[in-house]
Each structure stands twice: as C-alpha cells, then as structure tokens.
Amino acid sequence: MYAQMVETGSTSVKKLEAMEPQERAFQERVDAGIKIEPRDWMPAAYRKTLVRQISQHAHSEYVGMLPEANWLTRAPTLKRKAILMAKIQDEAGHGLYLYSAAETLGVARDDLYQDLLAGKAKYSSIFNYPTLSWADIGAIGWLVDGSAIVNQIPLCRCSYGPYARAMVRVCKEESFHQRQGFEIMTTLARGTPEQKAMAQDALNRWWWPSLAMHGPADDKSANSAQSMAWKIKRHSNDELRQRFIDQTVPQIEFLGLDLPDPDLKWNEARGHYDFGQIDWVEFFNVVNGKGPCNAERLAARKKAWDEGAWVREALNAHALKHAPQQAAA
Ligand code: FAQ
C-alpha cells in the first residue's frame, strides 16, 4: 500500500498501523481509489496540502496570463492575436475553476488572493521570466503548457474529487494551447533564417525553466511522499520531468532546432534521455521572489486588483439591491 511504501524527500509517511481509526478509514478509501468529496471527513493536513497546492496552482494560472499578454498588442496577424487572446482567457478560466475547487475546502477566494498580492503565496517559477520575442509565445505554449499537461493529466486522477474534475477540462484546453505553441514554433523554424534563429533562442531560454517548473528533485521535495500517499500527486517531480523531456526531444528534432542542452542523449539502458544539471540555485531564487520578473508580475496583479475595485463595489451594490427579491422568491 502507498501509505506504507512511500518514503522520498525529507518527510516520511505515517504507516497505516499507526493511524487512528478515522484516519485509517480515510487512507483505506484513498488506497481503494474512492474519491474524497468536500463533505467527507479528511485529516487536517490533507485539507491544508490541498489548499496549498490548489491555490498555488490557481495563482499560477492568473500570473501566467501576464507573460503572454505582453505580446497581445504585437501578435503578427489578427488570427494569431485572436488565438492568443482565447488562450489567455482560458488561463483565467482555469484560475477560476481552481479557486472554486479550493473554496470547497472551506477557504475564501479573497483571502487566498490577498496572500498572493501580499507576496505570501507561491506561484509557478516559470512565470517570472520575460517574453522577449514573438517566438517566446510559441515556446510558452509548446514547453510551458506541454510541461503543465504532463503534470496535470495525472491530477485528473487526484484523490480529491473537485480538483480532479476541474483538471479534466483544464487538460483539454491545455492540449489546444500546446498545439498552438508548437504550430508557432513550426512556422518560425521553417521560416527565414532570422525566424529560425528566433525560435532557437526562445527554445534555449525556456528549456531549463520548463524543466525546473516540475519542482525540486525528489530528494529535495518536502511534500511529495505524503502527497503521493494521499494520491494527490500520482508521480514524483523527477518522474514527470523525465516524461516531459522524453516526449519533447523528438519534437525539437522534428522542428530541426539544435538541442538546448549538450548532455541530452538517449540512454538505451534506462530507456530515457539523459540530461544536464538544472540550476537549482536559480530555481530557488525565483521561487523566493528574486527572479527576473517577480516584482513586475506582482505589481501587475496588484494594479489589476486596485483598478477593479469599482467593479467589485458595483457587483456588491447590485447583489444588495436584489437580495430582498431573491429572498422572497
Ligand atoms: N514554482 O515539495 P515540493 C500552467 C515549491 S500551471 C514555485 O515538490 P509539491 C498553466 C512548492 O510549492 C503551472 N514553487 O512541492 C499555464 C513547495 O513549497 P511550499 C502550475 C515551486 O507541491 C501555462 C516547495 O517548492 N502548475 O503552467 C515550484 O509537492 C501557460 C517544495 O516542492 C501547478 O501548480 C515551482 N515550479 O510539488 C498558465 C500544478 N515547484 O508550498 C499560463 C499543481 C515546487 O511547501 C500560461 N501543482 N515549488 O512552501 C503541483 O503539481 C505541485 O504543487 C508541484 C510541486 C509539482 C508544482
């Protein structure tokens, strides 16, 4: 059983025999693949872990709109602009599903969001890098949404029902995002030498952050062991990172671009690609607020929140005005 097996990272997982009856019954339901729903009893730490992961995921979707929004006014054609606008709106929608899923755990969306604005909550490291050229929009769809899909497909089988169900639709939309990114890269890679060079530069810059986005190596991942025992996470960070690399290298070759890492080589014995060292110092700097765009991203979200105050006030006034009719109905 998972609860007895998993022991990675810096945490160890309580064994089934050591659990109180209620917790043991909960773990047995999880082990049997039965979904946990909002009104079911759950250990406080399971609830806390879900709130942490789902809210970080929601914040990532919201902040994640910003790097691509930078190119909305400069998309090369009207069609590209319409596609990009639809993609960015999808990301906002994903944020909304995820905040709703978090709310089923008894937390308030406003509180979670205020933690983000105050710089107290984490969001994905990947969104703290700048989008310097149009090719970056291709690279984000291809590599960032590509990484997100590898991570999120297993989340469709997460033990917590509302999170798992939200992920089903998110993954369908992410799949469109990944394809539109790859299509931009294909067009550039088959274009003029300057366009191909732009695609190569974007690949070189986004490759390593896309690998790091899967989280710290397993032996440094504080939460993995327990999250896997609870079947919130179905695979470790390193497993998903390797899966992403294995599926993406042939796509780089298809595009005719150079590999962004000289150590990327197929390892026949492992049945996987070997790859070079990820810069974990850079990763933790970015996670701790010291990445190239952290301050800019939070300032943009704060500005949007402040400028939306009148909308929230109007909605509240409208709701108050109609409350008596609604109560009567
Ligand atoms: N960035 O113990 P672990 C997207 C933190 S959505 C920042 O391994 P865990 C769609 C972690 O929170 C992208 N922090 O943690 C899109 C923990 O800190 P804490 C977001 C990170 O939770 C595309 C500490 O390090 N996806 O891209 C990162 O077991 C394009 C130790 O790590 C999700 O959120 C990181 N990369 O595993 C949108 C998916 N990695 O909280 C717009 C759901 C780790 O203890 C445009 N989340 N940390 O203080 C997950 O699957 C997991 O939370 C992991 C991390 C795998 C991200």
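Before reading further, recall that the structure is shown in the block above.
None of the values given here were measured: they were computed from a predicted structure.

This next bit is on a nonpolar patch on the surface. Where nonpolar side chains cluster on the molecular surface, the patch consists of Trp-310, Val-311 and Leu-315 and spans about 350 Å² of accessible area. Mapping Leu-315 onto the fold places it in helix α14 (residues 309-328).

Along the chain, Glu-174 falls in helix α8 (residues 161-189). As for Glu-174 and Asp-238, which are separated by 64 residues in sequence, their C-alpha atoms are 21 Å apart.

This next bit is on the site of the ligand. Around the ligand there are 34 residues in total, and Gln-56, Lys-122, Ser-221, Lys-233 and Asn-237 lie nearest to it. A distance of 2.8 Å is found between an oxygen atom of the ligand and a side-chain nitrogen or oxygen belonging to Gln-56. Between the ligand and Ser-221 there is a distance of 2.7 Å, counted from an oxygen atom to a side-chain nitrogen or oxygen. Here the ligand, which alone exposes 1,100 Å², has 90% of that area covered by the protein. Broken down by secondary-structure element, the contributors of at least two residues to the shell around the ligand are α3 (44-63), α5 (78-103), α7 (134-155), α8 and α12 (280-290). A breakdown of the residues in the shell around the ligand according to their chemical character gives 11 nonpolar, 14 polar and 9 charged.

Before going further, it helps to spend a moment on the packing of α3 against α5. α5 packs onto α3 with a crossing angle of 160° between their chain directions and a minimal axis gap of 8 Å. Compared by their axis directions, α3 and α5 come out roughly antiparallel. α5 is crossed by α3, and the crossing has left-handed handedness. Along its contact with α3, which presents Ile-54, His-57, Ala-58, His-59, Glu-61 and Tyr-62, the element α5 presents Glu-91, Ala-92, His-94, Gly-95, Leu-96, Leu-98, Tyr-99, Ala-101 and Ala-102. Residue classes in the contact of α3 with α5 are distributed as 9 nonpolar, 4 polar and 2 charged.

Not every positive phi belongs to a glycine, and Lys-231 is a case in point at roughly 55°. Topologically, Lys-231 is positioned in the loop between α10 (224-229) and α11 (237-255). Note on Lys-231: relative accessible area 10%, which makes it buried.

Attention now moves to the side chain of Asp-145. Considering the arrangement of structural elements, one finds Asp-145 in helix α7. Assessed through its relative accessible area of 4%, Asp-145 is described here as buried. Within the structure, Asp-145 has its side chain in polar contact with the side chain of His-177 (distance 3.2 Å). Dropping the residues within four chain positions of it, Asp-145 is found in contact with Lys-87, Glu-91, Ile-140, Glu-174, His-177 and Gln-178.

This next bit is on α14. Helical periodicity: at 3.6 residues per turn, an α-helix aligns residues three or four positions apart in one direction. In this model α14 runs 29 Å from its N-terminal to its C-terminal C-alpha over 20 residues, within 8% of the 28 Å that 1.5 Å per residue would give. Taken as a whole, α14 carries its principal kink of about 45° at His-322; the proline Pro-324 stands between one and four residues after it. Counting buried positions over the 20 residues of α14 gives 0, only a small fraction of the element.

Another point: the packing of aromatic side chains. Counted by the stated rule, this structure contains 15 aromatic pairs. Within the aromatic cluster, the residues linked to one another by ring pairs are Phe-26, Trp-41, Tyr-46 and Trp-230. Geometry around Trp-71 places Arg-74 over its ring, the cationic atom sitting 4.0 Å from the centre.

Taken as a whole and judged by the stated rule, the model has 18 salt bridges. A salt bridge links Arg-109 to Glu-103; its shortest N-O distance comes to 3.2 Å. Residue Glu-103 is classed as partly exposed on the basis of its relative accessible area of 33%. Asp-136 is the partner of Arg-205 in a salt bridge, and the nearest nitrogen-oxygen pair spans 2.7 Å. Taken together, the residues span a long stretch of sequence, with Arg-205 in helix α9 (residues 193-212) and Asp-136 in helix α7 at a distance of 69 residues. The class of Arg-205 is partly exposed, set by a relative accessible area of 25%. We classify Asp-136 as buried; its relative accessible area is 0%. Put simply, Glu-68, Lys-87, Glu-91 and Asp-145 are held in one network by salt bridges that share partners.

What follows covers the nonpolar core. Counting 73 residues, the largest nonpolar core has Tyr-46, Ile-54, Tyr-160, Tyr-163, Trp-206 and Trp-207 as its most contacted members. Top element by residues in this core is α7. It accounts for 10 residues. Not counting the four nearest positions on each side in its chain, Trp-207 is found in contact with Leu-143, Phe-244, Ile-245, Thr-248, Ile-252, Pro-260, Asp-261 and Leu-264.

All of the buried residues along helix α6 (residues 109-117) are Leu-112, Tyr-113, Leu-116 and Leu-117. Taken down its axis, α6 places every buried residue within 140° of arc, on the same side. Elements that come into contact with the buried residues of α6 comprise α3, α5 and α13 (294-307). Among the residues trailing α6, Gly-119 stands out with phi positive, at a value near 75°.

About the cut-offs
Residues numbered from 1 in each chain as written. Predicted model: local features only at pLDDT ≥ 70, side-chain atom pairs only at ≥ 80, totals over all residues. Heavy atoms only, no water. Patch = residues over 30% accessible without salt bridge, like charges linked within 9 Å, V, L, I, M, F, W, Y side chains within 5 Å. Areas by Shrake-Rupley, 256 points an atom, 1.4 Å probe, with all protein chains shown as cover. Salt bridge = Lys/Arg side-chain N within 4 Å of Asp/Glu carboxyl O. Helix = DSSP H or I, 4+ residues; strand = E, 2+ residues; numbered from the N terminus. Near = heavy atom within 4 Å. Polar contact = N/O pair within 3.5 Å; in protein donor to acceptor, adjacent residues only side chain to side chain. Nonpolar A, V, L, I, M, F, W, Y, C, P; charged D, E, K, R; others polar. Axes fitted to C-alpha atoms, helices over the stretch in contact; angles between N-to-C directions. Parallel < 35°, antiparallel > 145°, perpendicular 65-115°, else oblique. Left-handed = near helix turned anticlockwise from the far one by under 90°. Contact = heavy atoms within 4.5 Å. Buried < 20%, exposed > 50% of the residue type's maximum accessible area, 1.4 Å probe, protein only. Expected span 1.5 Å × (residues − 1). Bend = angle between axes of the 7 residues up to and from the residue. Phe/Tyr/Trp six-rings, centres within 6.5 Å; stacked < 30°, edge-to-face > 60°. Lys NZ or Arg CZ within 6 Å of the ring centre and 35° of its normal. Core = buried A, V, L, I, M, F, W, Y, C linked by side-chain atoms within 4.5 Å. Arc of directions from axis to C-beta.

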